[in-house]
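# A structural walkthrough
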Amino acid sequence: MKRRDFLRVLGILSGSTLLSSCGSRKTKDFVSSVLPPEEGVIPGEAYFSPSTCAECPAGCGLSVKRREGWPIKLEGVPGHPINDGGLCIRGQSSLTRLYHPKRVEAPMLRNGDGKFQAVSWEKALSLVSESLAGSRDAGRKNLFLSGRTTGSLSLLIDAFCGKLGVERLPEFEVYSHSAVAEANGLLFGERDIPHYRIENADFLLTVGADILATHVSPVSYTRKLSRARIRGDFRWIHAEPHLSLTGVNADRRFVVFPGREAVLLAYLLRQVLERGPRRHGLPREAVNALPRFSVENASEKTGIPAEELAELSNRVTKARFPLVIAGGISTSHRRGLEVAVLAGMIQWVTGQIPGLVDFARNEKYGGTGTFRDMEALSARLSRGEAGVLFLSRTNPVFSLPAGFAFRENVRKAKLSVAFGDLLDETIKEADLILPLSHSLESWGDVEPRRGVVSLVKPALASLHDTLSEGDMLLRLMGAVSGEGPATGYREYLFAEWTKRFGEKGKDALLRDGFVEESLPEKRVTLNGGKASAFLKETAAEGGEPKAPVLVLAPSLRTFDGRSRGLPLLSEVPDPLTTISYGRWLSVSPGTAKALGVKDREEATVSSGDWSQVLPMKIQPGLAEGVFVAGRDFVDSPPLRTEERTGEATWYLEGIRIEKSGKVAAIPVLSGSPSQQGRGLIPDPSHKDERHHHGKESLYPEHEHKEYRWAMAIDLALCNGCSACVAACYIENNVPVVGKKDHLKGREMSWLRIEPFYGEAGNVDFLPMLCQQCHSAPCETVCPVYAAYHNPEGLNVQVYNRCVGTRYCSNNCPYKVRRFNWFWHLWKKPLDRMHNPDLEVRAAGVMEKCTFCVQRIRAAKDRAKDDSRKVRDGEVTTACAQSCPTGAITFGNLLDTESKVYRLAHLTRAYRVFEGLGTNPSVYYLGGAKGGPEREGHG
Amino acid sequence: MTRSVRKPAILLAVTAYFGVLLLIAAGLWVSWQRAGIAPDQPIAFPHTIHVSKLNLPCNFCHIYVDRSRHAGAPSLTTCMSCHRAIATDREEIKKLTRHYEEKRPVEWNRVYFLPEHVYFSHKRHVKAGVDCSECHGKVGTMKKIRRVGALTMGWCVSCHRARGAPLDCTTCHK
Amino acid sequence: MDKPDKLAQVEQDVLSAMKKPGLGYLAALGCSATLFLTLLGLWGYQIHTGMGVAGITHPVGWGVYITNFVFWVGIAHSGTLISAVLYLFRARFRTSFNRPAEAMTVFALLVAGLFPLIHLGRTWKFYYLFPYPTQRMLWVNFRSPLIWDVFAVSTYLTVSVVFFYVGLIPDFAIARRYKEGLAKRIYGFFSLGWTGTRRQWKNYNQLYLFLAAFATPLVASVHSVVSWDFAMSIIPGWHTTIFAPYFVAGAIFSGTAMVITLVVPMRKILALGRYITDDHFESIAKILLFTSLIVTYSYVVEFGLAWYSGNPFEMETFRYRALGDYTVMFWIMIFCNSLAPLTLFVRSLRRNVKYLFVLSLFVNVGMWVERFVIIVTSLARDFDPYAWGTYTPSIVEVGITLGSFGLFFTAYLLFLKTLPVLSITEIKEHL
């Protein structure tokens, strides 16, 4: 009896320790607000509002999840004409830009000794307006340079420049795609990037265009590609000189000698002309001017095996809706224009304009300038012509070659005014910094594709003393004219929208977050004269970059480097190399052997008088003599500008490599690039029955009455883009731990993308998360039932019951459990991102994927309100929601009508390590990317 | 000889015995501390009048109680809708009016608070027909709100057990 | 010398060990105590900053701490073996070892018991591991080998403490005679009024026999349970049925080695050569050799199992164990545990106490390394190749390991000066 009491006391004491761990007593969250909250907003319930992502020019539609007024998660808007529900890794991470601890919080003026000091907006604006006038009188030109700008803001900038006599310069984008635009201008009189309707093609040839990661509108293209692939009768071949995420996901990947893409396309064009499908002809002189290549010498020139070439040309000629997309690396060298022109001609001859290549809805890159424009600007600046120089949302100091001396020349402007949110290289050079509000703090709209207008709507009041660009310009105009701003930007926009779409349209825009105007079909015709003239005066080959070459590739995680500052993006590893933090230089195994460099050994890359030290990463599947580095890994490389297109070449030619023998400490998260024949991704897909003895148990089987949550992941669709990983991090308050812990292998990601390389250098991606096993090894070994099986088939981890023996993690065959080695801190105000539906795990406890149990709980709560069961598709996990390819499906396995049930019972469906008898709830759909007939591909 | 053995033995036993009692007392004291918390509030709001005298239903002020996990505190506009006219001379009401006019929200001191790792929904409990008083006691009789329920896990579980409410950990642990 | 003088002689010899300590002793005690304090300090630091200060990581969630746990539990075993099992077998040579061996058991278990606590992510919640009734309806998971551990080790500790104490009772009584003042009272208290009457001796012997019989099965059970921490998992290299006997043999092997390590210097310093003879050492050496052979056999069997299984996971694990990142450790283990002891086939070496001492040190090292190899290599290379990783102990782990030796030797040195280091009564019996 006494013992009993004693034990109860122990119980109570432990209970009290539990409660004392609670902070909510201190936090004053039980508040009588002065006014009732806005309509539809209920404290404790999440609510969504539309907006648009501003992390790259693609302009994907956002649905901002808010709790108690704070944005805590970004999701793609289903049905949005650009991203249709998907959102990429950068988009997900955009939230960390909003809450970034290092944001510029107020206008900053450079004082005498070159230091920045905060000033009031009034002071800043008046200073600008004075120097505008001043420099005009001094005969200097006021200049306005911005990143790609569309929609009302672009109009406002025009108005602003017109009113204040400022010259608006061509927009600066590192990836201006000017070669393609140039070619289309020359062939069809449309200097722009058309909208490619990949979903309707039955054959796709992409030449250099990195459509899955960085090319023009990646999420949009990915979605379209998935639609085509699901349809089935679709083949995709990709040709590139290096190795990109896009490349490894194509059904077939050709490695072309750097700069020889034109030969390939010339050969194909001729094939199409001779064997069809030709719907339009070419003028005779054009046909004659078109260089002739036999299969053999085409193959010998491009480096693609002859039979492959023949096979390729068969496919193109047999296809009913063939689509050729050239771009990126393949249009960014001396023959770039030829490549683009020939691609355009194939599109024309195969008659896929406007069917697949739609100029009516072009991607609005017309106003985007080139490197040559920047050269000109730099020259003007150096001559001291510039008065006030506005630099908005652009970072030329970082992106331009050192040769342009842009850094120095910016200083020559009388007053350089930079609009931005983080202190990047360019802003640091400016005299005056005007802090921009995040897109989630401002009103606006964008028109990323003609006829598609997407709403930018504030989800919270500005965190800091910042303004949206629109408000800034309006107030400047007010300050100059002296009668103060005519209207706020919001009013301005509402007026614009009503003018353009009418009241109804405006309301639709505000409701749905986007408007898609119906546009008349645009028929373009080939300008035969120009085409043949062009072909006459140029050749498909010559002037190829001298080997060895260094390719400066765009980066999945930072685009052109603009997203470098975001903490989450360096935490999520690059899917091809699994390197999280740091820079590296990819090198083919062969070349590495020839140079005698070890993996991660540092080497000095030099070209001319430029040089940089980078660690080498041995990258299977890369061509010999081709080195690849992310565009943002290389500091002001000496890029040459291509004369005719003004596009910067992405090559550094004839580079030299000196190895240092020093192995750099960069975290490579993968323990092995190969799956060691363990059949994690069986191909051809088969169920792994090896040493699978029937399971006996002393314990009763788990019962699932209403729900058994399960997931199906289609590996044929997954392209490793890692959007799901970023989404998971943000949804589940997964801590960002940094390089030090990554080097120890202590990353905390609940979901990871495992790349596995085959002999052919092909890559298969396996998203690995908690498999929610039905007979889970982790559960039986937990001494305190912190890990247990719940009635809905989840392996639940009760954090505050966990004592931290780490036995569960040891015993997990999938190694998906993460241990909190330390107390993790979110630097303010990043802690605002916390999802209040989860606790932030304390040090010493194990955590793991929960199938987003908080979302399940919410869905069941809703269902219970109108006393029904949760419907199929009503609840989905963060990863599935974010996936641009739609590879992930989540649902109730007991519901035989559910999609996940259907997928789980396909013959392609298998589970990893089925032989262990763990009986997981995550089903993978195996099988080759391009359906059954993926030849030579693993 | 044998005595020299027994003496210390007895001593030991006695101290042990009292030690245990002391521990028990300490434990119970801690548990009692959990209940009966009654902090002063920025405005001494008397539930006695509003609940017992005026018979206002709980969700007249706590408007979210059947819609959200939080019951919610009334916005000052709700208060002022009556107190513009009523009892305006009282000290506490003057405080209230000042708050309202200076647009300062009132930050109440929590009487009922749960650890970060607990998911609790007022809505579910109210819809399941749990009467407010079962956890919050007869607030109508409290001039100052005092905590009634212990809010320990055992306290939650025993009620869940009694009512056949779900006992799965995920029901409450997040 | 006639009998009574002899008896008196024994008492003096043994109890003379308890005379005022010399400088050497104090120095030794000081060192071990400091080591133990560092352990406490580092442990505090680890609790405050988080487990991250240890080298353990993902996927290697267990490292030096668990290695130490298994090692110390192993050390504990031979104590029980020598005193209880050999008592039942009436092995005479036991009398000269049992006291130090039993002491060793108790202290080793105290040390071992620390490590499960040290390796907990949330040490302050250790009591979750005990089944106690609460309002919260929480219970421990009896399917988890870790819970079996809790019971196995605590049972073992209790039994060996009692056994140790009971063995001491008559000697306390003797010590009481030689002591004055407070010491006398203390020894008096612990001798529970022992007067050595025939009745007392009768009951005493019954009790001692009973305890011996009770303790004996624990030798097998406890370390079997410990081995199941690994064998019950699904990790290749852990999940095998031979683990229980394999570990028990290993435990006795390492324990015996530790006995030699402790008794050799003790005999020299306390001049007990008369009671601990080379014959005794030879017998111990035989046990050492025998268990070494069993352990070696287990090594071979392990590889055999992996090889014949044709299971790619198992095969890779053992290839990695022998040739992977930890190959050096592996071969140290083979040398210390399998090759070096073979020399004991030579009689002269068995009787060479210096040699035995050195060898015993090798075996201690070897057995520690064995546990390390088993734990770390299996975790470093299990099923998913993406999650493969390696583990290197951090400075904190090293410090805590040394600290554990500090605690052990502190306890042992105190034992030397406070309790009769040999069982006086038993030696008398055998005179």
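Residues numbered from 1 in each chain as written. Chains lettered and ligands numbered in written order. Predicted model: local features only at pLDDT ≥ 70, side-chain atom pairs only at ≥ 80, totals over all residues. Heavy atoms only, no water.

## Overview of the overall build of chain A
Summing up its helical and strand segments, chain A has 28 helices and 37 strands in all. Over its C-alpha atoms chain A spans a radius of gyration of 29 Å, differing by no more than 12% from the 30 Å that the globule rule assigns to 938 residues. For chain A, the spread of C-alpha atoms along the three principal axes comes to 100 × 75 × 60 Å. By the burial criterion, 66% of the 938 residues in chain A qualify as buried. Here chain A displays about 31,900 Å² of accessible surface, and carbon together with sulfur accounts for 54% of that area. Across chain A, 122 positive and 110 negative side-chain charges occur, with their mean positions spaced 3 Å apart. (Helix = DSSP H or I, 4+ residues; strand = E, 2+ residues; numbered from the N terminus. Rg over C-alpha atoms; globule rule 2.2 N^0.38 Å. Buried < 20%, exposed > 50% of the residue type's maximum accessible area, 1.4 Å probe, protein only. Areas by Shrake-Rupley, 256 points an atom, 1.4 Å probe, with all protein chains shown as cover. Lys, Arg positive; Asp, Glu negative; His and termini not counted. Charge placed at Lys NZ, Arg CZ, Asp CG, Glu CD.)

## Remarks on the sheet that holds strand β16 (residues 415-420) of chain A
Residue and element names in this part refer to chain A. Taken in spatial order, the seven strands of this open sheet run β6-β5-β17-β16-β15-β7-β8, and their pairing is mixed. Since the sheet does not close on itself, it has two edges, and those belong to β6 (116-118) and β8 (166-168), each with one partner. Across this sheet, the average inter-strand angle for adjacent strands is 20°, counted without regard to direction. Bridge count between strand β7 (residues 141-146) and β8: three bridges; the pairing is parallel. Of the residues in β8, the one forming a bridge with Leu 143 is Glu 167. Of the strands in this sheet, β7, β8 and β15 (386-392) touch helix α4 (residues 151-164), which is tilted by about 145° from β8. (Pairing = 2+ DSSP bridges. Axes fitted to C-alpha atoms, helices over the stretch in contact; angles between N-to-C directions. Contact = heavy atoms within 4.5 Å.)

## Topic: the interface of chain C and chain A
Listed by partner, the interface residues are 55 residues for chain C and 64 residues for chain A. Across the chain C/chain A interface, buried area totals approximately 5,100 Å², and carbon plus sulfur atoms make up 59% of it. Of all residues in chain C, His58(C), Arg143(C) and Tyr386(C) bury the most surface against chain A, accounting for 18% of the area lost on that side. Inspection of the chain C/chain A interface yields two salt bridges. (Buried area = accessible area lost by both parts, 1.4 Å probe. Salt bridge = Lys/Arg side-chain N within 4 Å of Asp/Glu carboxyl O.)

## Brief notes about the pairing of strand β18 (residues 444-449) of chain A
Residue and element names in this part refer to chain A. Extensive coverage of β18 is indicated by the burial of five of its six residues. In this sheet, strand β19 (residues 452-456) lies alongside β18 in antiparallel orientation, the contact comprising four bridges. Bridging across to β19, Val 446 finds its partner in Ser 454. Between the antiparallel neighbours β18 and β19 lie two residues, among them Gly 451 with a positive phi of about 85°.

## Details of empty space enclosed by the protein
Taken as a whole and judged by the stated rule, the model has 19 cavities of 30 Å³ or more. Its boundaries defined by the atoms lining it, the largest cavity holds a volume of some 170 Å³. Looking at the largest cavity, it is lined by 16 residues, and the ones nearest its centre are Gln797(A), Tyr799(A), Thr850(A), Val853(A) and Lys174(B). The element contributing the most residues to the lining of the largest cavity is strand β32 (residues 795-797) of chain A, with three residues. Of the residues contributing to the lining of the largest cavity, the split by class is six nonpolar, seven polar and three charged. (1 Å grid on protein atoms, 1.4 Å probe; cavity = no way out; pocket = protein on both sides within 12 Å on 5 of 7 lines; lining within 4 Å. Points joined across faces, edges and corners; volume = space filled by probe spheres on them. Nonpolar A, V, L, I, M, F, W, Y, C, P; charged D, E, K, R; others polar.)

## Describing the state of the cysteines
Throughout the structure, instances matching the rule amount to zero disulfides over all chains. Between Cys60(A), a cysteine without a disulfide, and Cys53(A), which holds the nearest cysteine sulfur, the sulfur-to-sulfur distance is 6.2 Å. Among the cysteines around Cys79(B), which has no disulfide bond, Cys61(B) carries the closest sulfur, lying 6.6 Å off. For Cys79(B), a relative accessible area of 21% corresponds to the partly exposed category. (Disulfide = S-S within 2.5 Å.)

## Comments concerning the sheet that holds strand β11 (residues 235-240) of chain A
Note on sheets: strands pair through backbone hydrogen bonds, and any given pair is parallel or antiparallel. Residue and element names in this part refer to chain A. Here we have four strands laid out as an open sheet, ordered β12-β11-β10-β13, and parallel in their pairing. With one partner strand each, in any of the chains shown, β12 (252-255) and β13 (322-326) form the two edges of the open sheet. For this sheet the average axis-to-axis angle between neighbouring strands, irrespective of direction, equals 15°. On the sheet, helix α12 (residues 336-349) packs against β10 (203-207) and β13 and is oriented at approximately 165° with respect to β13.

## A look at the nonpolar core
Leu550(A), Leu766(A), Phe851(A), Tyr924(A), Trp72(C) and Val421(C) are the most contacted members of the largest nonpolar core, which totals 319 residues. For this core, the leading source of residues is helix α3 (residues 64-88) of chain C, giving 16 residues. In this view, Leu550(A) contacts Leu585(A), Val605(A), Trp610(A), Phe627(A), Val628(A), Ala629(A), Trp650(A), Tyr651(A), Leu652(A) and Ile655(A); residues no more than four positions away in its chain are not counted. Residues Ala209(A), Leu264(A), Val339(A) and Ile346(A) belong to the second largest nonpolar core, which totals 73 residues. (Core = buried A, V, L, I, M, F, W, Y, C linked by side-chain atoms within 4.5 Å.)

## Structural notes on the environment of Pro637(A)
All names here are of chain A. Note that Pro 637 resides in the loop between β25 (626-630) and β26 (651-652). Assessed through its relative accessible area of 0%, Pro 637 is described here as buried. With 13 residues separating them along the chain, Pro 637 and Trp 650 place their C-alpha atoms 9.7 Å apart. Setting aside chain neighbours within four positions, we find Pro 637 in contact with Pro 401, Ala 402, Leu 552, Trp 610, Arg 631 and Leu 652.

## Observations regarding a nonpolar patch on the surface
Taken together, the side chains of Leu293(C), Phe335(C), Leu339(C), Leu342(C), Phe345(C), Val358(C) and Phe362(C) present a nonpolar region at the surface, about 620 Å² in accessible area. Of note, Val358(C) is situated in helix α13 (residues 353-380). (Patch = residues over 30% accessible without salt bridge, like charges linked within 9 Å, V, L, I, M, F, W, Y side chains within 5 Å.)

## Quick notes on the interface of chain B and chain A
On the side of chain A, 46 residues touch chain B, which itself brings 48 residues to the contact. Taken together, both faces of the contact between chain B and chain A bury some 4,500 Å²; the carbon and sulfur share is 61%. Taken as a group, Arg110(B), Arg124(B) and Lys174(B) account for 14% of the area that chain B buries against chain A, more than any other trio of residues on that side. Linking chain B with chain A are six salt bridges. Our count for the contact surface shared by chain B and chain A stands at 25 residue pairs in polar contact (both at pLDDT 80 or more). At the level of elements, α1 (2-34), α4 (76-83), β1 (106-107), α6 (122-127) and α9 (169-172) of chain B are the ones that each hand at least two residues to the side of chain B that touches chain A. Of all the elements, α1(B) adds the most residues to the side of chain B that touches chain A, at nine residues. Direction of pairing for strand β1 (residues 31-32) of chain A relative to β1(B): antiparallel, over a ladder of two bridges. Its bridge partner being in β1(B), Ser32(A) is matched across the sheet by Val106(B). (Polar contact = N/O pair within 3.5 Å; in protein donor to acceptor, adjacent residues only side chain to side chain.)

## A short note on the pairing of strand β35 (residues 888-892) of chain A
Residues and elements named next belong to chain A. Burial analysis of β35 places five of its five residues in the buried class, which makes it a mostly covered element. With five bridges connecting them, strand β28 (residues 709-714) and β35 associate as antiparallel partners. Pairing of Trp 709 across the sheet is with Asn 892, part of β35.

## So, α13(C)
Helix length check: α13(C) (28 residues) gives 40 Å between terminal C-alpha atoms against 40 Å at 1.5 Å per residue, within 8%. Between the side-chain oxygen of the N-cap and the backbone nitrogen of Lys354(C) there are 3.0 Å, and the N-cap of α13(C) in question is Asn352(C). (Expected span 1.5 Å × (residues − 1).)

## Section: unusual backbone geometry
All names here are of chain A. Here the residue pair Ile 353 and Pro 354 is connected by a cis peptide bond, since its omega of 5° sits within 30 degrees of zero. Looking at where Pro 354 falls in the secondary structure, it is placed in the loop between α12 and β14 (357-358). Looking along the chain, the bond that leaves Lys 828 and enters Pro 829 is cis, with omega of 0°. Phi is positive for Tyr 785, close to 60°, though the residue is something other than glycine. You can call Tyr 785 partly exposed: its relative accessible area is 36%.

## Examining the packing of aromatic side chains
Scanning the model with the defined rule gives 78 aromatic pairs over all chains in all. A ring pair is formed by Phe371(A) and Phe404(A), whose centres lie 6.1 Å apart and whose planes are at 75°; its orientation type is edge-to-face. In this pair, Phe371(A) sits in helix α13 (residues 371-382) while Phe404(A) sits in the loop between α14 (396-399) and α15 (406-412), placing the two residues 33 residues apart along the sequence. The exposure classification of Phe371(A) matches that of Phe404(A), with both residues buried. Here the aromatic rings of Tyr127(C) and Tyr128(C) are separated by 5.2 Å at their centres, their planes lie at 90°, and the arrangement is edge-to-face. Assigned by exposure class, Tyr127(C) and Tyr128(C) land together as buried. What links up through ring pairs into an aromatic cluster is the set Phe71(C), Trp72(C), Phe107(C), Phe164(C), Phe405(C), Phe408(C), Phe409(C), Tyr412(C) and Phe415(C). Over the ring of Phe398(A) we find Arg564(A); its NZ or CZ atom is 3.8 Å from the centre of that ring. Its guanidinium or amino end placed over the ring of Phe113(B), Arg147(B) lies 4.8 Å from that ring's centre, counting from NZ or CZ. (Phe/Tyr/Trp six-rings, centres within 6.5 Å; stacked < 30°, edge-to-face > 60°. Lys NZ or Arg CZ within 6 Å of the ring centre and 35° of its normal.)

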